[in-house]
Amino acid sequence: MGKLQNKRVLITGGGQGLGQAIVEQFIAAGANVAIHYHSSRTGAEQLKTLATKAGRKADIFQADLTQETAAGGLVAGAPRSLRCGQCHSRRDHRCRLRG
C-alpha cells in the first residue's frame, strides 16, 4: 500500500514531460489523480488508462490556465470528479507545474 493510498491529487501540467512523470509517481504511491493538460490530451489519456489499470481513480481536464475562469473551473471540478461516496469534495494535495 502506497504512502498516498486513496489521497486525491490535482496535478497541473500533467499531460507531458515532468508533469507526466510526477503523475506516474502519484499513481504508484496509491493516489487518485486529477490530471490537467493544456494541449497534450493524448498523454493525459494514457495516464488515465495507467491509473485505471492500477486500480486508481483518475480524470483528465483541459484548461488554459492563463484564463482565470478556466483555472477556477479546474479547481472546482477536479475534486468532485474524484469524490467517493464517503468523502467531501476536496483535494488532499496539489502539484502545480509551469512550463
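See above for the structure.
Each value, and the rule that gives it
Residues numbered from 1 in each chain as written. Predicted model: local features only at pLDDT ≥ 70, side-chain atom pairs only at ≥ 80, totals over all residues. Heavy atoms only, no water. Helix = DSSP H or I, 4+ residues; strand = E, 2+ residues; numbered from the N terminus. Buried < 20%, exposed > 50% of the residue type's maximum accessible area, 1.4 Å probe, protein only. Contact = heavy atoms within 4.5 Å. Areas by Shrake-Rupley, 256 points an atom, 1.4 Å probe, with all protein chains shown as cover. Pairing = 2+ DSSP bridges. Right-handed = clockwise from strand over helix to strand, strands pointing away.

### Comments concerning the overall build of the protein chain
Reasoning step 1: Helices and strands together make up the secondary structure of the protein chain, namely three helices and four strands.
Reasoning step 2: Secondary structure elements in the protein chain, listed N-terminal to C-terminal, are β-α-β-α-β-α-β.
Reasoning step 3: Scored against the burial criterion, the 99 residues of the protein chain give a buried share of 38%.
Reasoning step 4: Long-range contacts, defined as pairs at least 24 residues apart, comprise 63% of the intrachain contacts of the protein chain with a sequence gap of at least 6.
Reasoning step 5: Working note: accessible area of the protein chain is about 6,000 Å², and carbon and sulfur atoms make up 48% of it.

### Things to note about the pairing of strand β1 (residues 8-11)
Reasoning step 1: In β1, alternate side chains face the same way, and those of Arg 8 and Leu 10 on one face and Val 9 and Ile 11 on the other are all buried.
Reasoning step 2: The sheet contact formed by β1 and strand β2 (residues 32-37) spans four bridges and is parallel. If you follow Leu 10 over to β2, its bridge partner there is Ala 34.
Reasoning step 3: As a crossover connection, the stretch from β1 through helix α1 (residues 17-28) into β2 is right-handed.

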